[in-house]
Amino acid sequence: MHLIYKRIFFIALIVFTSQVVMAQVDTTVSIDPELLNIFNSKTPKEYTIAGITVSGTKAFDQNLIISISGIAVGDKVMIPGTDIFSKAIAKLWKQNLISNVEISFTKLEERNLYIHFEVTERPRLAALKFIGLKKGEKDDLEGKVNLVKERVVTENMKLSAVEAIRKFFADKGYRNVKIDVKEELMTGMNNAISLTFTVDKGNKVKINTLNFSGNESLSEQKLKKQMKGTKEMARITLYPITVPNPYGDSAKKLTFKDYISDAGFLSLSKTKMLLDPYVRLKLSSSKFNDKKYQEDRERVLDYYNSQGYRDVTILGDTVVYDSRSNMNVFLKVNEGNKYYFGDITWKGNTKYSDSILNVILGIKKGDVYNMELLNKRLGKQISAEGGDVQSLYMDDGYLFYRIDPVETKVYNDTIDFEVRMTEGPQATYGNITISGNDKTKDYVIRRELRTIPGEKFSRADIIRTQRELGQLGFINAEKINPQVVPNADNGTVDINWEIEEKSADQLELSAGFGGGIGLTGTLGITFNNFSIKNITKRSTWDPLPSGDGQKLSARVQSNGKAYRSYNFSFTEPWLGGKKRNSFTIGYANTKYANTYDPITGGYSKAAGDTSYVKTSSFSISLGKQLKWPDDYFNLIYALSVQQYKLRNYANIFAGLSNGTSTNISLKVALVRNSAGPNPIFPTGGSNFMLSGQFTLPYTALGISTGGANPYELPEFHKWRFNGEWYVPIGRARGEDHNKQFVLKAAAKYGFIGRYTTKLGISPFERFQLGDAGLSNSYALLGYDIIAHRGYPVYNSSDPKINPESVTSNQYFTIFNKYTLELRYPFSTSASSTIYGLAFFEAANGWYDFKSYNPFQLRRSAGLGMRFFLPMFGLLGFDYGVGFDRYTPGAGLKGMAKFTFMLGQEPE
């Protein structure tokens, strides 16, 4: 009887212990026969763990093994009946430090029990190798396989590493990767191994064809266009167009079949001048990516849904590999029936009538069923553009508004809907807080907010505030986050405006020395968040006082005796602090000197002291925000005084080398700017400016204009119009939601006239066209510099006249310019804004209305890049081709021009 009990208990103990033993691990409990009498008792007895020993450890301390096991000297155990030993085995296994453990009883003294752990440690990784891969691939994989030297290695780790390698190459188009793992014991090292992964990538698997079946209503080509991330292999499309024989045989016409070799490839020696436009290369990435493929399947279904096929399903997809291991993908669809909208009724609306809601919805009975369109028009898909039903309600305070379209009836191919809504109460703003402004003072941020406590909630207020904050220049427009917290209990909404400041100060610094000229250099600083109030408080200087949102700019430039310039300006955007009335003052002093010495035939400093032109200017402007037609409008008044002093300088006015001219003018500009939210890369809105600039009609007032100097008091009236529109095109999905194409369209006009025909049109304030919009010596006369990429500066209205063949000694009195730009952002972060663009421009200038022809334009197109770095401002590079700038024999090179711009976007 005792023998049976001992066997039963021993088997039970072993079975109980084995429940926590993992696969492929030999973990048992050994019991010395002399100690079996502890099981003879019919009732469990309590024993005390009197000693614990460990053997088999190499890298680990014995006390660590004991600590992990959870058994300690002095613990009380009940035998039979305890599970402390099985738990100890489970704890040791869980750490992945050992591959085998045995627990045995070594001695029993009365009720004092001595136990022993015999362990086998897992090997440690000493070296990791990859064979069959490039160095870059090895470096990338080391961070992905999650195998770290000096750590233990398990079978699961090796399997996970193999899967990581497969996934890494699958994403690159290698679908048939073969991996062999070799484990070797390192000699001379304690329980250490090396792992070698031999990888055979095989050939890159590409998608040969995409094939659809069951698509009776929608063409296969349309469905393939929805597969944005799953493309077929590149192909050459040959058009059936005949081309002239390049070898001069006018009697024979060759087709592209004559240009294809016996092997079926194009003979480039025959076709290098004929490939474009007759041959089209369809280039696309044809590697297979399973994640993108699944997304593309959903796009196909979404496209079907948008065409009225709400029951469409993909019955299955099959992949067939060809002899080159490329994939042929076959998708079978079941289109189902095409549906149309039926009656759409409204329920729960009290604020707006059914007729108004139907107009905003814009869906009529008989329109093709499109659930995505319905949700968009109802506002269930959030859009900054507005124009939907939800925006109508939320702009009127109905924050707690809810809407739900419900299918009420499906008959034949028609679906009726009932739009159920709960308007709820109108909400008001509660607590409005600001966070993240470490440098900028609260009142500078708060005065831009349209979310005023106590006023009615409006979604449009939040969108407008985001734009206004982004326009400040020292707030990161991409990181403005209004944290809206509705309080349904009291009908209020709290908002915390979370912002992130960015560096907006700019520094311009250059220096050099030239023989005969002297020291040359530029030092310029711009502070866009300046504080003049704290100018006397040294404790606020970092490096200058900041935080009040003012702008201070100073610049000094010198080219030795030949040129020097001082510029200073200050802007207060909120004069008085209560209204958005801007105030700006500016001062500039410039000297151009003729340092050429006709006696020596070289350049000297002394020559510059006797032949020069000096200009001094002072301006003051006041801007006022208007409430009508809307508060995007601003009216700006600017008074400008410019004085020109000539001394033995004949390069400005014909027949005049000495004299003084004073240009006093008043400019009135009406501006409407809704572009934004990022002022560097606007993604929507528009910017318009209409201005008039006037001097006094001195001749009509009987005031002398100088006699021998007809330019002593220049008189003119000048008109400008600029219009810019920004239209977003599409929107990227996922993490790149901010990256979208933006189309910019611009139109600009200018005209300068005279009060009387007795005088010629003033040489001041004219329009210079061409090049990158950078100034030259004639900018002394206040010319408006109008960039025209692809052309040098020109002063002929006839596009047939090559601009290089004329000298720009006078500029236009009338100009037109039209621009189209397609922009794409590569980075819109606070540290750098980078975007590329493709442009088309057409512009020209004229001297009078008799020759004015708005259709006689110089055209150009090209590509460009823009880089905005907070420290240096905006940098730009453009490569333009002037279509009306043909030079015989020069080819494309003679029509193209590379331009560089710095500081700000040229006109």
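None of the values given here were measured: they were computed from a predicted structure.

**Some remarks on the overall build of the chain**
1) Next: When you go through the chain residue by residue, the secondary structure sums to 15 helices and 41 strands.
2) Next: The buried share of the chain, reckoned over its 907 residues, is 43%.
3) Next: Intrachain contacts of the chain at a sequence separation of at least 6 include 60% that bridge at least 24 residues.
4) Next: For the chain, the exposed surface amounts to about 47700 Å²; the carbon and sulfur share of it is 54%.

**Quick notes on the sheet that holds strand β17 (residues 402-411)**
Strands in a sheet are paired, the pairing made by backbone hydrogen bonds, and the direction either parallel or antiparallel.
1) Next: Read across the sheet, three strands follow the order β16-β18-β17 without closing on themselves; strand pairing throughout is mixed. Either end of the sheet is taken by a strand with one partner, and the two such strands are β16 (340-347) and β17. Across this sheet, the average inter-strand angle for adjacent strands is 25 degrees, counted without regard to direction.
2) Next: Together, β16 and β18 (414-422) form the strand contacts of helix α10 (residues 354-361), whose direction differs from that of β16 by roughly 140 degrees.
3) Next: Lying on the sheet, helix α11 (residues 371-378) is in contact with β16, β17 and β18; it crosses β17 at an angle near 150 degrees.

**Some points on a positive patch on the surface**
1) Next: Taken together, the side chains of K134, K144, K172, K204 and K206 present a region of like positive charge at the surface.
2) Next: Structurally, K204 can be placed in the loop between β8 (192-200) and β9 (207-213).

**Here we look at the sheet that holds strand β15 (residues 327-334)**
1) Next: Across the sheet, three strands lie side by side as β9-β15-β14; this open sheet has mixed pairing. Strands with a single pairing partner mark the edges of an open sheet, and in this sheet they are β9 and β14 (313-321). Taken over all neighbouring pairs, the strand axes of this sheet differ in orientation by 15 degrees on average, direction set aside.
2) Next: With eight bridges joining them, β14 and β15 adopt antiparallel strand pairing. Note on β15: the bridge partner recorded for G316 is K332.

**Some thoughts on the packing of aromatic side chains**
We describe a pair of aromatic rings using the distance from one ring centre to the other and the angle between the two ring planes.
1) Next: In total, this model carries 34 aromatic pairs according to the counting rule given.
2) Next: Look at F688 and W725: their rings are 5.1 Å apart centre to centre, the planes differ by 80 degrees, and that puts the pair in the edge-to-face class. Taken as a pair, F688 in strand β32 (residues 685-694) and W725 in strand β33 (residues 717-729) lie far apart in primary sequence, 37 residues in all.
3) Next: Joined through ring pairs, the aromatic side chains of F688, F721, W725, Y749 and Y818 make up one cluster.
4) Next: In this arrangement the basic side chain of K591 is found over the ring face of Y612, its NZ or CZ atom lying 4.7 Å from the centre.

**A look at the pairing of strand β38 (residues 833-846)**
1) Next: Burial analysis of β38 places eleven of its 14 residues in the buried class, which makes it a mostly covered element.
2) Next: Between strand β37 (residues 814-828) and β38, which follow one another and run antiparallel, lie four residues.
3) Next: Pairing of β38 with strand β39 (residues 858-869), which is carried by eleven bridges, proceeds in the antiparallel orientation. In the sheet register, G836 faces β39, and the bridge partner there is M865.

**What about a nonpolar patch on the surface?**
1) Next: Together, F568, Y587, F618, I620, Y637, L639, V641, I664 and L666 make up an exposed nonpolar region whose accessible area comes to about 750 Å².
2) Next: Of all the secondary-structure elements, those providing two or more residues to the nonpolar patch are β29 (612-625), β30 (633-647) and β31 (659-673).
3) Next: It is β30 that contributes the most residues to the nonpolar patch, three residues altogether.
4) Next: Relative to the helices and strands, F618 resides in strand β29.

**Thoughts on the side chain of N328**
1) Next: With respect to the secondary-structure elements, N328 resides in strand β15.
2) Next: Of the polar contacts made by the side chain of N328, one reaches the side chain of N208; its length is 3.0 Å.
3) Next: Here the side chain of N328 touches T209 through a polar contact of 2.7 Å, side chain to side chain.
4) Next: Look past the residues within four positions of N328 in its chain and what remains in contact with it is N208, T209, T318, V319, V320 and D322.

**A few points about the nonpolar core**
1) Next: Formed by 26 residues in total, the largest nonpolar core has its most connected members in I71, F85, I115 and F117.
2) Next: Every element with two or more residues in this core is listed here: β2 (45-55), α2 (62-69), β3 (76-79), α3 (84-94), β4 (98-109) and β5 (112-121).
3) Next: Ranked by residue count, the leading element in this core is α3, at five residues.
4) Next: If we ignore the near neighbours within four places in the chain, the residues touching F85 are I71, I79, I103, F105 and I115.

**So, the pattern of salt bridges**
1) Next: Under the counting rule described, the total for this entry stands at 39 salt bridges.
2) Next: The partner of E232 in a salt bridge is K224, with the nearest N and O atoms 3.0 Å apart. An identical accessibility class is assigned to E232 and K224; each is buried.
3) Next: Note that E821 and R789 form a salt bridge whose closest N and O atoms lie 2.9 Å from each other. One end of the pair, E821, is in strand β37; the other, R789, is in the loop between β36 (784-786) and β37, with 32 residues separating them in the sequence. We note that E821, like R789, is buried.
4) Next: Counted as one network, the salt bridges with shared partners bring together E448, R450, R464, R467, E468, R580 and D631.

**A short note on the pairing of β3**
Regular strands have side chains that alternate between both faces of the sheet.
1) Next: Burial along β3 is one-sided: V77 and I79 are buried, and none of K76 and M78, which face the opposite way, are.
2) Next: Where β2 and β3 come together, four bridges link them in antiparallel fashion. Note that in β3 the partner of E46 across the bridge is M78.

**What about α2?**
1) Next: Within the sequence span of α2, burial applies to I65, I66, I68 and S69. Take α2 and look down its axis: the buried residues cluster within an arc of 165 degrees, on one side only. The exposed set on the far side of α2, more than 90 degrees from its buried face, consists of N63 and S67.
2) Next: The inward-facing, buried residues of α2 contact β2, α3 and β5.
3) Next: Backbone geometry just downstream of α2 places G70 in the positive-phi region, at approximately 85 degrees.

**Looking at the environment of T899**
1) Next: Note on placement: T899 falls in strand β41 (residues 896-903).
2) Next: Remark: the alpha-carbon pair of T899 and P792, spanning 107 residues in sequence, is separated by 9.3 Å.
3) Next: Beyond its immediate sequence surroundings of up to four residues, T899 is in contact with D771, A772, R789, G876, F877 and D878.

**Quick word on the confidence of the model for the chain**
1) Next: Per-residue pLDDT for the chain averages 81, and the proportion of residues at 70 or more is 83%.
2) Next: The model gives residues 1-29 a pLDDT under 50, and that stretch makes 41 contacts with residues more than four places away or in other chains.
3) Next: A low-confidence stretch, residues 237-283 (pLDDT under 50), is modelled with 54 contacts involving residues beyond four sequence positions or located in other chains.

**Observations regarding the packing of α2 against α3**
1) Next: Viewed as axis vectors pointing N to C, α2 and α3 meet at an angle of 120 degrees, and their least axial separation amounts to 8 Å. Here α2 lies oblique to α3, going by the angle between them. Contacts between α2 and α3 pair I65, I68 and S69 from the former with A88, K91 and L92 from the latter.
2) Next: Of the residues assigned to the contact of α2 with α3, the class counts are four nonpolar, one polar and one charged.

**Section: the packing of helix α4 (residues 135-142) against helix α5 (residues 155-170)**
1) Next: The N-to-C vectors of α4 and α5 enclose an angle of 130 degrees; their axes lie 11 Å apart at closest approach. Overall, the two elements α4 and α5 adopt an arrangement that is oblique. The two elements α4 and α5 meet at a crossing, and its hand is right-handed. Side by side, α4 and α5 meet where E137, D140 and L141 of the first sit next to I165, F168 and F169 of the second.
2) Next: Looking at the contact of α4 with α5 residue by residue, the classes come out as four nonpolar, no polar and two charged.

**Topic: unusual backbone geometry**
1) Next: In this model, W628 is joined to P629 through a cis peptide bond whose omega is 0 degrees.
2) Next: With an omega dihedral of 0 degrees, the bond running from G676 to P677 counts as a cis peptide bond.
3) Next: Turning to its location among the elements, P677 is positioned in the loop between β31 and β32.
4) Next: A positive phi angle, close to 50 degrees, is found at N648, a residue other than glycine.
5) Next: The topology assignment puts N648 in the loop between β30 and β31.
6) Next: For N648, a relative accessible area of 43% translates into the label partly exposed.
7) Next: Residues other than glycine seldom take positive phi values, yet E765 does so here, at roughly 60 degrees.
8) Next: For E765, a relative accessible area of 6% gives the class buried.

Basis of the calculations
- Residues numbered from 1 in each chain as written.
- Predicted model: local features only at pLDDT ≥ 70, side-chain atom pairs only at ≥ 80, totals over all residues.
- Heavy atoms only, no water.
- Helix = DSSP H or I, 4+ residues; strand = E, 2+ residues; numbered from the N terminus.
- Buried < 20%, exposed > 50% of the residue type's maximum accessible area, 1.4 Å probe, protein only.
- Contact = heavy atoms within 4.5 Å.
- Areas by Shrake-Rupley, 256 points an atom, 1.4 Å probe, with all protein chains shown as cover.
- Pairing = 2+ DSSP bridges.
- Axes fitted to C-alpha atoms, helices over the stretch in contact; angles between N-to-C directions.
- Patch = residues over 30% accessible without salt bridge, like charges linked within 9 Å, V, L, I, M, F, W, Y side chains within 5 Å.
- Salt bridge = Lys/Arg side-chain N within 4 Å of Asp/Glu carboxyl O.
- Lys, Arg positive; Asp, Glu negative; His and termini not counted.
- Charge placed at Lys NZ, Arg CZ, Asp CG, Glu CD.
- Phe/Tyr/Trp six-rings, centres within 6.5 Å; stacked < 30°, edge-to-face > 60°.
- Lys NZ or Arg CZ within 6 Å of the ring centre and 35° of its normal.
- Polar contact = N/O pair within 3.5 Å; in protein donor to acceptor, adjacent residues only side chain to side chain.
- Core = buried A, V, L, I, M, F, W, Y, C linked by side-chain atoms within 4.5 Å.
- Arc of directions from axis to C-beta.
- pLDDT = per-residue confidence, 0-100.
- Parallel < 35°, antiparallel > 145°, perpendicular 65-115°, else oblique.
- Nonpolar A, V, L, I, M, F, W, Y, C, P; charged D, E, K, R; others polar.
- Left-handed = near helix turned anticlockwise from the far one by under 90°.

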